[in-house]
Every structure is written in structure tokens, then in C-alpha cells.
Protein chains: 4
Amino acid sequence: MESVPVEALSRHVPDRYVEMGLQALSRRHAMVQRLIVERKLPETPWTDDMVVSFLNELAAMDANNFEGVIGVGEREGRVFSQLVARRSYGLIHGIGRSGDITAPQPKAAGSSVLHHLTLDLLHSLLVDCGIPTARRPILMPTATGLGLLMCLLTLKKTHKPHAKYVIWPRIDQKSCFKCITAAGLIPIVIELDKGISSGKDSLTVDPARIEEAIVKYGTGEVLCVISTTSCFSPRAPDPCDKIAAICHDHHLPYLINNAYGLQSTRCCHLVNEAMRIHPDSTLVVQSTDKNLMVPVGGCIITGGSDALVEKVAKTYAGRASGQALIDVFITLVQMGKDGYRNLVKDRKKKYEELKAELYKLADEFAERVLDTRDNTISLAMTLRTFDEAQMDGDTVSNLGAKIFRRNISGARVLSKKKATVFEGHEFTNFGMHTSDPQAVAYVNAAAALGMGDGDAVRFVHKLRKILKEEEKRLAKQTMKRA
Amino acid sequence: MESVPVEALSRHVPDRYVEMGLQALSRRHAMVQRLIVERKLPETPWTDDMVVSFLNELAAMDANNFEGVIGVGEREGRVFSQLVARRSYGLIHGIGRSGDITAPQPKAAGSSVLHHLTLDLLHSLLVDCGIPTARRPILMPTATGLGLLMCLLTLKKTHKPHAKYVIWPRIDQKSCFKCITAAGLIPIVIELDKGISSGKDSLTVDPARIEEAIVKYGTGEVLCVISTTSCFSPRAPDPCDKIAAICHDHHLPYLINNAYGLQSTRCCHLVNEAMRIHPDSTLVVQSTDKNLMVPVGGCIITGGSDALVEKVAKTYAGRASGQALIDVFITLVQMGKDGYRNLVKDRKKKYEELKAELYKLADEFAERVLDTRDNTISLAMTLRTFDEAQMDGDTVSNLGAKIFRRNISGARVLSKKKATVFEGHEFTNFGMHTSDPQAVAYVNAAAALGMGDGDAVRFVHKLRKILKEEEKRLAKQTMKRA
Amino acid sequence: MESVPVEALSRHVPDRYVEMGLQALSRRHAMVQRLIVERKLPETPWTDDMVVSFLNELAAMDANNFEGVIGVGEREGRVFSQLVARRSYGLIHGIGRSGDITAPQPKAAGSSVLHHLTLDLLHSLLVDCGIPTARRPILMPTATGLGLLMCLLTLKKTHKPHAKYVIWPRIDQKSCFKCITAAGLIPIVIELDKGISSGKDSLTVDPARIEEAIVKYGTGEVLCVISTTSCFSPRAPDPCDKIAAICHDHHLPYLINNAYGLQSTRCCHLVNEAMRIHPDSTLVVQSTDKNLMVPVGGCIITGGSDALVEKVAKTYAGRASGQALIDVFITLVQMGKDGYRNLVKDRKKKYEELKAELYKLADEFAERVLDTRDNTISLAMTLRTFDEAQMDGDTVSNLGAKIFRRNISGARVLSKKKATVFEGHEFTNFGMHTSDPQAVAYVNAAAALGMGDGDAVRFVHKLRKILKEEEKRLAKQTMKRA
Amino acid sequence: MESVPVEALSRHVPDRYVEMGLQALSRRHAMVQRLIVERKLPETPWTDDMVVSFLNELAAMDANNFEGVIGVGEREGRVFSQLVARRSYGLIHGIGRSGDITAPQPKAAGSSVLHHLTLDLLHSLLVDCGIPTARRPILMPTATGLGLLMCLLTLKKTHKPHAKYVIWPRIDQKSCFKCITAAGLIPIVIELDKGISSGKDSLTVDPARIEEAIVKYGTGEVLCVISTTSCFSPRAPDPCDKIAAICHDHHLPYLINNAYGLQSTRCCHLVNEAMRIHPDSTLVVQSTDKNLMVPVGGCIITGGSDALVEKVAKTYAGRASGQALIDVFITLVQMGKDGYRNLVKDRKKKYEELKAELYKLADEFAERVLDTRDNTISLAMTLRTFDEAQMDGDTVSNLGAKIFRRNISGARVLSKKKATVFEGHEFTNFGMHTSDPQAVAYVNAAAALGMGDGDAVRFVHKLRKILKEEEKRLAKQTMKRA
């Protein structure tokens, strides 16, 4: 509308009405312009309409949408279903080229502009989150596991093709482990310790054990160290700063799985330190779905140096889906500058609320909330008495299914188990992050980004009911037995 | 995007890619600009994206969408459901003001621009359809019946407040009749004749009968004449040119129900003649749903003089729904200049196809297709033998339901009936447009705008089956009786 | 999914996952079923998905969406633009038939089911709002003005064809007045008085004046009385109970314009009383956009007796748009049972807040907030000093435009004016509801349904600034003059 | 609606209308049921409405959409932007689990059902395309390059961890090559030959050269052979049957890049043969965007044995995006059984048309269309004279940009070049698939799936103009030089 003469718009409509309308419209256009020029999260969140119009305009810049275009290639961004075309706003060509996932596409100028604009917005988000050392990231349209795999393949290819081992402080989450074996590498599992970090029940890696392993396997044979920030309590963030220093000393790359750590200032601080200390060889991967509340299927890869991040971009073979990009872009402009900050603040409040509620509950059942104060997202409350009272081969972990059936999603119940063999490695108590034969059963609950208002209270209320029922059931069993 | 500096867009993306994209985009913007400046149906049909972006921009010009607007009125275009807001593209304020349905709204500049742009497009469509005498129309968000009623109320109020009668050549369609009684007027029913128009079975009004009625009831007491163009065969378009001349002589307004006549060049020619002959007092109403393939609920009111059309606009009390406007606008820009013309051409072909198929069918069953050649949309095939063979109080019109159950919509079966009393008037053979005691039963089928390819053949094929079954049923009955 | 065998769904997916999913789905289906069976606003608001799926299912019941249907009628619900079809969810046939706006359509079973379901929901809403005497209403897809017109035409046609006059207590809103003249009737304007109702500045009709007018013009010549509930302060709701009693005594119909009164318990109480006292001949019209926060273009017509409401339904000539129906249905199920109640509660709070803020402001400028306590939506603050200080033919009403330019929508500034001639009648101070030569200028602001949080404070804050600027401007002028 | 009592639906609407509507609805439900039970492409393509309702129902089975669900996990499928949620139909959890990309998710029963249903539909599509030996595939939400990489990593991990080499018949497309180096493997480039296949200008691999390489590098060191079907002319599909036999003899896995080969019966036949001959160790990867006309970002991985395909599924680390799944599902049900077949037929026709047009053009300019008859998608016409006439360091490949600027997308102009170094390997004439120092310049055009009607003619028409301009330009230059 910008270029339309006002007198044409004002046919049959008074000038002064049209002018006020155009002023409002030009404020909107100014917002778009500011975003493209400044490349920072917008002050004012964008409305749905603004987003749709903007994406439509970008799509019009892609060759598949050129009016009258004749396509004689093998890949022309044709779409069979209009339903499919619409849900991608006509942005069909995805991102990247054979050579590089961040390479602009000649056939898709609009998609390419959107891609690079979004990377700049993500960069500004990382800085806002307290990671000023983060370099301009890549948005990889794969979940975190595959993102870590791409980092490993990059390091192997560009850094140390003959290395065999990856030092891996234990974290009982399969995809982190799997990305090592999928890359054709051998994980060196480092068991965790209590007493390393501030929480007295927290399990984290003792940096000394990492150094030992490096020495044992030899820097020539070790590709890198992978460690973890966000995780289920009692696992707590690894001391990334100390590990970075060790890697720096040994000239080893350091790969951090900051899965859902963007929402935690503590995790952000740790990865920032790591990149500050060991800039040239630290890579950090984080999930888009967990941190940005978008559908599963994207990760943000940043690192301490542009060159390193670029190597990852260049390792990716071929073009990639633009769907994660669309979701992330929309979310960032609709959150706006304060949106993310407020979500993080709100999350902290809910974590405190959940903690307080769990403390009350633990009291009632003579259990305790584990002191994992350095894990600022996930909490664990013991289920010792419930575990010990099980009979006939029952296990307290059956409570997990009961909880889910009560319309509670995401709570986990863990108790000791025999060895699990996974990818050729044997783990004791898999899921508990520890091989301790004395490990006490517990239930996990997290206050993650976007948790519903009142959900902490409602959860504990329902859990209380479930535990009471379980007490009754166990009491009955005991009586029968007697 | 127009006002964004290219260098900002080209951050990380080669200039030459961006420039080609911007060229495509500016061709699109030029299309929008051309529409607003020229106010004619576009050469190139608009894509969904273009439409959505354009409507979004207009909506941004309405006060309810102003960023940060504070509403302290009683009517602020607030919408509770986002689903509802979205389906109207944020265009909430409707059209018109208390004084006039075409009055622009200060709070809704965007809606007002859209409204007047659409009226201009409709005007250009009317001219394209062969009605150059049509003045800039109103789009009334009511179906045709209520549109006719508004015309009658306007004529009564502005022209002849004390008139009582409306001369009404019979057309067996309730809402046309009802709009007269709803306006507090008395219909003078004029029975129809054969032999007036070119089709030898066609039923139309003999202009002489209209003149007689005018003389009988007195020009002082008669408000106007209402007649019909498009209709079910054997009813055929009235000789509007001759009626217009009579009205002109008697200084009587003339109101034409051109319900679905825009799709017929013959009907368009007739209403054009009427407005040419009697410009100052001829009003023509046509349906948007039947002529433009939009949802029910709009009509286009035009007339031979701007002053007359404006009087109708000013009679409408208050604001009105903008939904018909949105549907019509979208449809017009997506049809484009050739779209409507091609639909009309295609319709003619299908009419010929349907006629040919029905002739074959009539032959097979010793029935005949009525010669109503001047009705270029609807056809009728007699069901004389089927009607005569009915027993036990059965009626051939039961076939109608059978046809519908075979997934055929819109076929009608009619046969003689006793008097129907409707709005205090008694009609013989209601639905057949004639009181002839010899009226022969028939089935109607129409080739209306947008008829599916192959549907004419498929319809007759299915009808053949149904008639064969009916023959069998009747034969069995006769045998039993014997 | 309901009828799909679980084992088919569970191919490759564990039964227990599928079963939990199906339970969730069947809770959703139960909600739909409950709505259709109970025909009351739902306990739990419906999500967008539920609404869309439900409307899709209903649309599938309309013949235009039958798989393989063959259309040979003139009106087959064909849609040219998919964008248009989509925004109506494929519900194309609108509502009603030639005979009656509430008549189900054989071709559109789904639309008809939706229509009648929505009427039942509206009925339950009216009762919930405190109008238990309201009968099952009509939803007319026209704004209030045309709804009132249809009521007048109905009364004229079915009740007293020869009546000429309508008794109309003055309300300075054009469409209310226009609907009388459009119906070919003559308004008898009754001037208002202060001191009739509780607010000492309120302007309402003195019932005695109505009785006088009835006597003066004769019950044979008077068609009905029209009065008003919701309106701009200092106009306040008319004493509908007393007027109803007078109409009852004189066997006159009573038509109430309850424009945006559903959101006010006071207005609801008044119209309920009127229908209780004079059930057989009271009709009440209310706007959908102002009361239900949907786009402009619908009104709800109810009355004290089913027979009377049905007469209105039967007066409407022909089919009508289904758009208002779709918007209203979606809104009602997404509001749910408590939704409307909470909106009304919230509105009251905001009215008190706005009042308090205006009192403060009035103090600062030595103006006063008019005591119109019986108008529980709209407020007025005098601008006496600003009005008196104008020079050079300036008028305080220029402030209105200044306020709008500050991104405030809906505030009105009124001051004395010469006679306005409208539809042949002369009004003094049109807009102020009074011919009082001493009428003091004022600014109006309303706390209507859906007002934004904090908007009352923000409005008064901005208004304060504007008034200060105006003070300065006037002071400067005075100095210059001196 | 299925479970709603008819009498509830029929409140105020005649039973017989409702029943016909319900019949139509139940035909629709039967279609859904049939799909889930039979797991084959539907006879009748699904409408948008059906798709949306079905996806809504599935989404309702995912825990993130459970009414009243309480989320206390770190990954609860929360979505910040409603725009984002909507475009994925509320299907947020993606696909797969840490262990396996095809593993159902307890939190996402609906997504899991959709996933496995879609895999079955894809399987039925592969069989329909003439690949009956294909086993139930994986849909990987990555483009082909990364799909090939995952296959290589799988083979390396599960088959021969210590292998170093991949035998790679040259195909000048970067991502195919890159996936080898990214996997940490060394490509053994096999140059191509003419005269191996039916087209006398076709370039394909001589199977004998593959055997030689295997022998040279040793079966212990060679991981697998990768070869190509669909490609740019004069490259033509490799003799996959013969290569499969060689791999079978040497117990080597065989990986085929069938990029856009599904649309070619010839490519399908070749990969089918390969899997028939060497079932246990043949994997085939094909693109979703090029073969199914969906946005970039998915590939279909199948193989000759279920066990092998499953190994790939299990190598993928972690969860993955569900976007490709949604796009593919929608497309398959909207294509229906005949849809794909018709697209392929239509493509063949367009290939013949394009070929005929190019032959005419070649004649006019004394060039020739290369005989690459075994490449049934892409064509090449020489530009020998244009290439030879270049001066001042100009190159005929500049024509490529000129063609693109004429709104033609996808044509490629290639001519001899010096060595290109890519991933540490040196290629002569990169893009031409041959190191032949005599290689003649040519322009490529393809008739790929979904090519627009008339585009072949329009393309050649425009190309003719461009070549004429180029002739003129070159003639002018020559004159100047003279």
C-alpha cells in the first residue's frame, strides 16, 4: 500500500480517514523495516497479521512464486497440495545448498533473507540470555541429538580424523550417547560424583576424572569432551568452566549439550564461561523446541569462534527443511524483546513454587526433596518408603504410569535397576545417572519454560492423592501377607 | 518491504539474488497499485497470498487494529474469538453508517477503502457483462429478497408514500412475492401467457396485461412494477424493454429481479434495455451467490440513475455486515478480467450439452423438452406419461425426493396441484407459474454458473435410471390392479 | 476416529498409548455431544481445533459438499474462490428459506442444524443474562437498525396495517430513527426529561408523555412505541417496565432497542420486566457485535411470546447470510458458560475504574462528571469551561478529532448546535438528546464489554494531556486578544 | 457427530434432512476408517476439510492437547505462538524417540499413529511405483544428502566399523560427495564412460571399473558403493542391476541415491532390480520434495530387507521434526490412488514435448540434442557454436543468468572449466560429470513432476529469443574485432 497514491485510496473515502489509516499502516511498516535493519528482537511483538504479510512478501521473492515463472529444473518448489503450500506460506525451497547449510539460494532469495535474519535474531537472543561470547549461530533443522552428531562429524573431519574416543560424563539420556556411536566413535563413560557442586545431592562430573581419562586415552586418540548442562535432578549442570579449562590445556575440542539450558540463567552463565575460556574449540548445542516453545525439530548451534561454527555449517550435506526456521522466526518476533525475559522470570517463580509445594508434600510422607539447588529447572523428591514397601516383584516405577493416567505429563519415577545394555555399553540404574547400589527411588518434576499457571499446585495436589492411594494399597497388601 | 533498504535485506545474501526477488515483489505491488488506481478487474488473477496481504494491510488501517489504540466507545470492533477475527481478516467494523450504507466510517478507513473499491469493481463487472447503462451499484449484505424489499421501501418513502399496489407478473418463488407484502403493499398478480416470447412453451407476461392493470388500479395508487428475468423453465425472462417503456409512459418506477441473470447475456441485455429506456426509475437487483459463486447473503443493486441508487443506499438503516464485501472482493480479484467471461462461456456450453442430453432422454421415454429457448439457463422435460400413470393418490412429484437421494441436487419435479394460499393470495399449480388446468408435469434442470464438467451427462444418465425404475414400478402396479 | 477399530490405529503403536489418546479424544467428542443434546453454553470452552472439526463435520452434511454430488439447480452453493470457501468452513447455503428465516434447508442439513443449535445457545445466554422471560430468539444477519425495521414491518403487516405513527422517545442515534421512516411510518418524537430516573443528570422519557401522545394520535393510528436501553450518557435507559404497562393498557406493541444492553444487568432487568408485563406484544432487539464481540452484522431478536418472534421470522423475505451465525456460534462455544459472566463482571469493574479516574480529572479542571448512575456503561464529563472559552467560531467539539488522533477511539465531544434536519425532522443539539438551550458541553467515554486492561487509566491520562494543551491554546488566544 | 443421537441433531430440523446429511458424513468417516484399516492410498482424494479434521483428531490424542493436562516435564509440547501451533495442527512432539526414529512416543499417540500410517502409505506408493521389492520405508525429516549420510553412518557402525573407502561413480552434485567426507570416509571417484547404456551420449559408470576399484582397495577396506539414478543429462542412471550383482558377489553394501527417481519408471525399475538381486544390503534414498511435491526437507529410505532399514532407523539419534510427515501425509491422501500415477503419466508426456521442442530449436541453430535416451527426465542441447564464439574471456555459462532473468528457473548452462577442488578432491569440468577435455557446452532442461502445462513450449520459445540475441551480440563483437 505504501506506494499507492493517497488520492487513489481516497476515492469515495475522506482523505482524513485514509490518512489516519495510512499512518497506522506506516507504523507497522516501520516495525518491519526496523527488524530488517537492526536485526534485534522487536520492542513490540508482532501480530499474526504482520507475520503473515511479511512471510507472504518474502515468499513472493522466491522463484517458485514468481508470476509466470517457467520451471525446467528438477527442483522447482512445486507443491501438490495447497494445504501444504499454505502452511509453509509458500516458502518451499528450504534452506542451504549442497555446500553449506547457511548458503543463500539463488532460487529462493526470500527464504534466504528470512534465514539470515533469523540467525541474527537468534544471535541477539543468545546475547540477551547472558551468553555474550556466543558467535552468530546456525539453526539446524534437526533435533539436538542429530545436532550433536553433526558437531562430532565436523570435529572428526576438520580436526582429528583419526581420533577414536569421546570423553562423556554420564547423563542417562539415550540420544546424547547415541550420537557418539553413530559418529563411529567410542564413548568413554565418566561416572558422576556427589559433592562437586553446591547441591549436596547433586550428581555432576568431577573435572579431575576428565583429566585422568584424557591422560589415560591420550590426546591424540581423544576427539573431544561432551558434557551437559540442563538435565533431570539429581543430575546437575557440569562445571563447564573447569572442563573448558582442561580442554584448553589439552588442545581438545569441547562440545556442550545445553539442551534446554537457554531458559536457565545458570546454564547460560556456564556455557558463556566455557566459550570465554576456550573460544576456538567450544561448540554449544541447544534445542529450539524446549527453549523456544516451538514444535520438535530444530537446534541452535553456536560456538566460541565464527570459524568453528562455520565448519559445522559446511559439514552439513545439502539442503535442509525450512520449517524450523519458519517456526523460530514467527516465535521470536511474536515474543519480542521482553517476551523471552518474562518467560524466564516466570519460570523461576514457578520453580520456586514447585519446590515449596514438594517440600510440603515430602514432609507429609516422611520423604525429602533432594538438595540439587544447582539444577534450577528439575526437582526430585524421594520415594524411599514407597519403594521399600513394594512386594511381589512390584516396583515403585509403576507409579509413573499411574501419574500419567491422571493427566499429568512429564513426571518420572525412578528406582534402582539391574544393568541395561545400550549401544554395547552396560549401565547400572539407567535413568538415575548413577551406579550407586544405594540409590534411592524418587520422582522428578520440572518447572520448564511455559509451565501453566497453577500447574505446580495442581500437580502436587494430584500427586498427594496418588501417594495416599499407594499407601493404602501397600498397607492392604501388608495386612494380607500378615 | 518496499521501503526497506536493499543493503539491509542483502545482509549475508548476495545483492543479485535479493534484487531479482524484489523485482518479483514489486511486480506484485504494482498489481495492487493498478487495482486501486484503475478500479477494474485485474488482468492477472490474484493469488491467495496477495489477497491475504492486501486485506491485512487494509485491516491495519481500521482503528480496532491500531497498535496501542485505547477504546472508550461502545463499539470498538473488539473480537472475543481469534478464530472469528481471523476469518474476517481483522475487518470487524462492517460497512456503512447510520445515515447510509455506503458512508465511509472514520473508525474504519481500511474497510471503507475496500468497500468503495469493491463497488467500483462491481460496476466494471456489470459493464463487462453487457450492462453499460448500469450505474455504480450498491452491494447490500442481504439476499435478493431483502434487497428487493429495500428497493420497495425506498420507492415508497421517496417516491409515492401513499401508493398501495405493486404490479407483479406471476413468478412462483416465494421471496419475490413476500417482499411486497412485507413492505406493507398489495401485490396485483398478473397471470402469464404463452406465445409472447420466442420459445413456444415459454411463459412470460404479456405487456398489455401490465398496462391494463396500471389503468385499472390507477397510477396514483400503483407504486411500481416488479418483473423477473432469470427463472425456472417454462417461465422465461419478461420483456423488460417493453415493460420499461410502459412504466416510462406512466411515470412508474420499475423494479427488476435479475436474480441470477448476470450469468446470462440475454438477461443482461434485457435489463440494460430497461435502464436505457427508463433510466430515472429503473432498479435492478441481482444475487451475489448465484452470479459470483460466493456464500449466500449479498445482492448487487444497480439502477439507471445514480440518484436513484443513492436513495436506496440512504434508506438502509444503520451499519451492515462486511462479510459479503470480503467474499465478493476476494472473488473478483481472483477471477480477474477474463475469469467471469470464461465462466459465462463455459456455462453456455454446458447449457447446450444439457439440452442435447435431455432431448435424447425425452425421445427414449416419449416425452419432450419444452421449447423455452429464451430461457438460456433452465430447461424442462415433460413427465406426462409418468404423471398420468400414478395410482392411489401417488404423485409424480415424489420423484423429486428420489432424485435428491441419488446425490443430485437442484432438480425439481412439478405437477398440477390444487390451490395454495400464500400471504393471503391463492395460487393454482404453485411452482408451475401457471393456473392452466391442463399443465403437464415436468422436471427442471439448470446449467448455472460453475456447473461441474461432465455433470450434465452424469445427471441425465442417473435420471434415465430413475425413470426406468419408475416405469417398472408403475407397470407392476398396473398388473396388480389388473 | 470413533468408529475406527483400535487395533487398526495400534498398528506399530502400543495399545496403551493409543488408548490414552482415544480417551482424550472421546472426552472431546463427549463435549460435542453434550452441546448438541443439552443446547446450553458449554462448561469448558471449546478450542479452535474442536470448533473447526465440528464446523467441518456440519459442512459435510450440506449438499454442496456431498462427495460426487451433481448440481443441476440454479443455487448449488458453488464457490469460486477457495479462500472464500475456507473462511466459511464450506457452509455456503446461508440460512432460512423463502418462507421463513428460521426454516431448515433441505440442501443444507448441516447449516440448518448449526442454525437451530445456535438459537438454542442464544436463548440460554439470554436467560443467563437475567432475561428469563425472553423466548427463543432469532439471529438476524443484519445490524440492529435493520432488525428494528423488520420488527416494524412485521407489526405493520400482522398487527395494524393501517397504522401511521410510531411513538419515539428521542435518542440521538440516526439508525433508530431511520428505521421508522424507512418502514413508511411517521415518528412522533417525545422529548426527554431529567429527574425521571435515579441519576440526577440522566435524560430519559417521562412515561406520562408517552401516554399523552398515544391519546393525542389515537391507538388506531399508532403502530407501537419504540424505546431505548443502552445509550450514551447523559441519556439513560428508559423506564421500560412503566412503558410496557402503558402499552399493555392501550393494546399497543412495544419495541425495545436493547442495542448493547446484554452486557448490562440493569438493561437486562428492564427488558425482562417489559416482557413480563406485556408478553404478547413486546419485541427486543440487541446487537451481536456490541454484546458478543463479533464483527458487525447481526442482531438477536427476542420477544415475550413465541408467536410474536415467529411472525418476525416469517416476515423476512428469503434466504440470509450464515456469516453472523458462524461468528456467533464460534464465540459462544469458545466463551463457554462462565465466559460471558466473567466479561460482564470485568466490564463493571472497568466502569467503576473509569468513573473514578474521570472524577479525579473533573476535579483538576473544575468540571464535573454528570450523575447518570442509571447508565451503567457510558459516562460524561462536562467541558463547560473549555466550551465557554472558545473564540473565532471555534467549537469545543474539535477536541473530538484531537482525541482520535491520539489513538483514542470512541470518545465523543458534544456541545450545543443549531437545528439539524434529519429525515424531515428538525432536532436541536442533535447528539445531546436534548433541546435544552442551556445544554453544557461534555465528553463521553464508555466501559463497554471487552475494554482493555488499563485502558481507563491510559485514556484519562491522555485526555488530561489534551485538556492541558487546550487550556494553553485558549490562554494564548485570550492574551493575544487582550 | 457419529455418536450424537439423531433426535438431538433433528431438534427443529426435519429428520429426513438430517439423515441425508449424516449419510454423507458417514461416507466421509468410512473413508477415514478405510485408510486406517487398509493403509493404502485412498481411491477418492481427501478434501482439505477431511484432512484438517483428521489431523485435529490425531492431535487431540497427543498429551500436549489433553484437556486440563498438567505438564511437569522438560518437554511438554508447549507452543508460544498460536500461529506456529496452528500450522502444525497441534502436532508438536515430532516423531521418534532417543532410541529410534520410528519409535512411538507415549506422550504423542496421535503423532505416532500418523507416523506409522504414513510409512504404510509410502510403502504402498513405492510398490505402486514399480518397486515391489522395497520394504516398509523410513521417512527421514532431512533432505537426501543427510539421508545418505545416515545410511553411511549406519553401515559403518553396524557393518564394517573399520572400513575407510566408498566407491563413488562420479556425479557432479556436491551433497552426494559431501555425505561421504562428512561420514569420515574417503571417496574413491570412478570416472564415467559413454557407450555403457542405450543413449549414445549418456555418461554412466562402467560396472567393470567398480569391480576393479573393489579389488584394488580391498573388500575389507571398502564400506560400500554409492551410485545414482536420476540426474542431469548427459549423466544417465547407473546400471544398478549390474552394480548390485557385483556388490552381492563381494558382500558389499550398496547405497543408491534415487534422488528424484520415483517419478521415472526407468529409475524405479533399476532400484527394484538392485534390491531383488542384493536384498540384504541395498539401501535406496529418495527425496520427498522432488518426488512428492512437498517443501524441501524429507527423504524416504527403503531397502531390500526390513532388518537393514531398521538399522538406519535405530542409528538416528533422538527425536525428529514431524513437519515432513505432515506434508507427506497430506499430499498422499490428497493425491489418492490415481493421483501419483497420473502425475507420472503427465510428466512423460511433457518430457516428450520438451524433447520435440528442443530438437526443433537445435536444428535452427545447428546444435544437437544429446542422445541420452536412458535419462527420461533431463535433456541437454549443445551450445557448441555459442561456446566457440565467446571472446575476451567471456563464457557461454553467462547465458545461465540471462535465462534466469527471463523468469525461467532451473535451466543450467555448462561448459568446460579448469579444475575445481572440492572437499580435497580435484574435479575437471565440475558440473559436466566428465573430465573429457573435448566436452561440449550444453544447456540442460528437465521435465520433472508437476511441470506446468505449456511450459515446455514457452521455455523453448524464450530460449530461442535468448539465443538469437546472443548470436547478434557475438556477431557484433566479431565485427568490431575485425
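This text gives an overview of the structure that appears in the document. Just so we're clear, the structure is a prediction, and the values are computed from it rather than from any experiment. (Residues numbered from 1 in each chain as written. Chains lettered and ligands numbered in written order. Predicted model: local features only at pLDDT ≥ 70, side-chain atom pairs only at ≥ 80, totals over all residues. Heavy atoms only, no water.)

### Re the interface of chain D and chain A
Taken together, the 94 residues of chain D in the interface contact 94 residues of chain A. Remark: the boundary between chain D and chain A carries six salt bridges. Here chain D is connected to chain A by 37 residue pairs in polar contact (both at pLDDT 80 or more). Of the residues contributing to the side of chain D that touches chain A, the split by class is 46 nonpolar, 26 polar and 22 charged. Bridge count between strand 1 (residues 70–71) of chain A and strand 12 (residues 408–409) of chain D: two bridges; the pairing is parallel. Looking at the pairing, G71(A) lines up with S409(D) of strand 12 of chain D. (Contact = heavy atoms within 4.5 Å. Salt bridge = Lys/Arg side-chain N within 4 Å of Asp/Glu carboxyl O. Polar contact = N/O pair within 3.5 Å; in protein donor to acceptor, adjacent residues only side chain to side chain. Nonpolar A, V, L, I, M, F, W, Y, C, P; charged D, E, K, R; others polar. Pairing = 2+ DSSP bridges. Helix = DSSP H or I, 4+ residues; strand = E, 2+ residues; numbered from the N terminus.)

### A closer look at the pattern of salt bridges
All names here are of chain A. Across all of its chains, the model carries 121 salt bridges over all chains by this definition. D346 serves as the salt-bridge partner of K350, at 2.8 Å between the closest nitrogen and oxygen. Here K350 and its partner D346 are both found in helix 13 (residues 323–364), four residues apart, which amounts to about one turn of the helix. Since its relative accessible area comes to 6%, K350 is described here as buried. For D346, a relative accessible area of 25% puts it in the partly exposed group. Each of D394, K402, E470 and R473 takes part in salt bridges that share partners, so that together they form one network. (Buried < 20%, exposed > 50% of the residue type's maximum accessible area, 1.4 Å probe, protein only.)

### Observations concerning helix 5 (residues 109–128) of chain D
Residue and element names in this part refer to chain D. For helix 5, spanning 20 residues, the distance from its first C-alpha to its last is 28 Å, which sits close to the expected 28 Å at 1.5 Å a residue. Counted residue by residue, helix 5 has 17 buried out of 20 residues, so it is predominantly covered. G130, located one to two residues past helix 5, shows a positive phi value of around 100 degrees. (Expected span 1.5 Å × (residues − 1).)

### Section: the pairing of strand 4 (residues 186–190) of chain D
Successive side chains on a regular strand alternate, one facing one side of the sheet and the next facing the other. All names here are of chain D. Looking at chain direction, strand 3 (residues 165–169) and strand 4 are connected through five bridges and run parallel. Looking across to strand 4, one finds that I167 is bridged to I188. The handedness of the strand 3 to strand 4 crossover, carried by helix 7 (residues 174–182), is right-handed. (Right-handed = clockwise from strand over helix to strand, strands pointing away.)

### Let's talk about the packing of helix 6 (residues 144–158) of chain C against helix 12 (residues 306–315) of chain C
Residue and element names in this part refer to chain C. One can describe the packing of helix 6 onto helix 12 by two numbers: an axis separation of 9 Å at closest approach and a directional angle of 100 degrees. Taken as axis vectors, helix 6 and helix 12 run roughly perpendicular relative to one another. Each of M150, C151, T154, L155 and T158 in helix 6 lies in contact with helix 12, whose residues at this interface are L308, K311, V312 and T315. (Axes fitted to C-alpha atoms, helices over the stretch in contact; angles between N-to-C directions. Parallel < 35°, antiparallel > 145°, perpendicular 65-115°, else oblique.)

### A look at the relation of the copies chain D and chain A
Take chain D, turn it by 180 degrees, move it 0.0 Å along the axis, and it overlays chain A with an RMSD of 0.0 Å. Between the two chains, the operation in question is that of a two-fold axis. Proximity to the rotation axis, assessed at the C-alpha, singles out R87(D) in chain D; its C-alpha lies 2.6 Å from the axis. A shared interface surface links the copies, since 100% of the contact residues of chain D are contact residues in chain A too. (Least-squares fit on C-alpha atoms with pLDDT ≥ 70 in both.)

### A few points about the packing of aromatic side chains
Aromatic rings in a pair are described by how distant their centres are and how their planes are angled relative to each other. Summed over the entire model, instances satisfying the criterion amount to 44 aromatic pairs over all chains. Relative to F427(C), the ring of W168(C) has its centre 6.2 Å away and its plane inclined at 80 degrees; by these criteria the two rings are edge-to-face. Highlighted residues: W168(C) in strand 3 (residues 165–169) and F427(C) in strand 15 (residues 425–427), separated in sequence by 259 residues. Take W168(C): its relative accessible area is 1%, and that puts it in the buried class. With relative accessibility at 2%, the residue F427(C) sits in the buried group. Aromatic side chains F177(C) and F422(C) sit 5.8 Å apart centroid to centroid with 40 degrees between the ring planes, which places their arrangement in the tilted category. Of this pair, F177(C) sits in helix 7 (residues 174–182) while F422(C) is found in strand 14 (residues 420–422), placing the two residues 245 residues apart along the sequence. You'll find F177(C) and F422(C) in the same group, each marked buried. Among the aromatic residues, those joined into a ring-pair cluster are W168(A), F177(A), F422(A), F427(A) and F430(A). In this structure, R412(A) packs its charged tip against the face of F232(A), placed 3.8 Å from the ring centre. (Phe/Tyr/Trp six-rings, centres within 6.5 Å; stacked < 30°, edge-to-face > 60°. Lys NZ or Arg CZ within 6 Å of the ring centre and 35° of its normal.)

### Overview of helix 9 (residues 240–249) of chain D
Residue and element names in this part refer to chain D. Within helix 9, burial applies to C240, I243, A244, I246 and C247. Seen end-on, helix 9 carries its buried residues on one side only, within an arc spanning 160 degrees. At its buried positions, helix 9 is contacted by helix 8 (207–217), strand 7 (222–228), strand 8 (254–257) and helix 10 (265–277). Immediately downstream of helix 9, the backbone of H251 shows phi near 55 degrees, a positive value. (Arc of directions from axis to C-beta.)

### Concerning the side chain of T204(B)
All names here are of chain B. By secondary structure assignment, the location of T204 is in strand 6 (residues 203–204). In this structure T204 comes out as buried when scored by relative accessible area, which is 1%. Leaving out residues up to four positions away in the same chain, T204 has contacts with L192, D193, I196, S197, R235, A236, P237, D238, P239 and D374.

### Side note on the sheet that holds strand 16 (residues 442–446) of chain B
Residue and element names in this part refer to chain B. In spatial order, the strands read 11-16-13; together these three strands make up an open sheet with antiparallel pairing. The open sheet has two free edges, formed respectively by strand 11 (378–382) and strand 13 (412–414), since each of these has just one partner strand. Strand-to-strand, the axes of this sheet are offset by a mean angle of 25 degrees, without reference to chain direction. In the sheet, strand 11 pairs with strand 16 via five bridges, with the strands oriented antiparallel. Counted as the bridge partner of M381 is V443 from strand 16. On the sheet, helix 13 (residues 323–364) packs against strand 11 and strand 16 and is oriented at approximately 0 degrees with respect to strand 11.

### Focus: the interface of chain D and chain C
Contacts between the two partners involve 49 residues from chain D and, on the opposite side, 49 residues from chain C. For the pair chain D and chain C, the summed buried surface comes to about 4600 Å²; carbon and sulfur atoms form 61% of the total. On the chain D side of the contact with chain C, M1(D), Y17(D) and E57(D) bury the most area, a combined 14% of that side's loss. The interface formed by chain D and chain C includes 14 residue pairs in polar contact (both at pLDDT 80 or more). (Buried area = accessible area lost by both parts, 1.4 Å probe.)

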